[in-house]
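Here are the chains, one letter per residue:
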Amino acid sequence: MRGAPSTSRSTGPRGAPRASKRAWLDQNGMAYAEHDIDSSEEAGRTMRRLNPAGTIPVIDVEGEVVVGFAPDAVDRAIRRKAERRVQRL
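This report concerns the structure included in the present document.

Here is what the cut-offs are and how they apply
- Residues numbered from 1 in each chain as written.
- Predicted model: local features only at pLDDT ≥ 70, side-chain atom pairs only at ≥ 80, totals over all residues.
- Heavy atoms only, no water.
- Helix = DSSP H or I, 4+ residues; strand = E, 2+ residues; numbered from the N terminus.
- Core = buried A, V, L, I, M, F, W, Y, C linked by side-chain atoms within 4.5 Å.
- Buried < 20%, exposed > 50% of the residue type's maximum accessible area, 1.4 Å probe, protein only.
- Salt bridge = Lys/Arg side-chain N within 4 Å of Asp/Glu carboxyl O.

## Points about the environment of Met 47
Along the chain, Met 47 falls in helix H2 (residues 41-50). Sequence-wise, Met 47 and Pro 57 are 10 residues apart; in three dimensions their C-alpha atoms are separated by 8.9 Å.

Below, the structure written as structure tokens:
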């Protein structure tokens, strides 16, 4: 879906916080795609390109990257992208 935040996540012990991130995205009616960096080399490369430090999660909102799960930062990124779309109309 165009405009959906794309999130990188990890399975196993590193991915434990993903439940709260997923719940927040679901509760706010946001479409998203998850990419498992532990089972996909391509997802891992993409995550490291977006965040060379390698910390997770990495949330990519149409090119605006939020590192770590910070609901306010994700919300601001989505709002900025929506405002830019409206301005282009």
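## Let's talk about the nonpolar core
Judged by nonpolar contacts, Trp 24, Leu 25, Met 30, Ile 59, Val 61, Val 66, Ala 73, Val 74 and Ala 77 together constitute the single largest core of nine residues. Of all the elements in the fold, those that place two or more residues in this core are helix H1 (18-27), strand E3 (58-61) and helix H3 (71-88). The greatest single-element share of this core, amounting to three residues, is contributed by H3.

## A word on the pattern of salt bridges
Applying the stated criterion across every chain, the model contains six salt bridges. One salt bridge in this structure joins Arg 45 and Glu 41, with 3.8 Å as the shortest N-O distance. With Arg 45 and Glu 41 both in helix H2 and four residues apart, this pair spans about one turn of that helix. With relative accessibility at 63%, the residue Glu 41 sits in the exposed group. The salt bridge involving Glu 62 is made with Arg 85; its shortest N-O contact spans 2.1 Å. Separated by 23 residues along the polypeptide, Glu 62 in the loop between E3 and strand E4 (64-67) and Arg 85 in helix H3 bring together distant segments of the chain. Classification of Glu 62 by relative accessible area gives partly exposed; the value is 34%.

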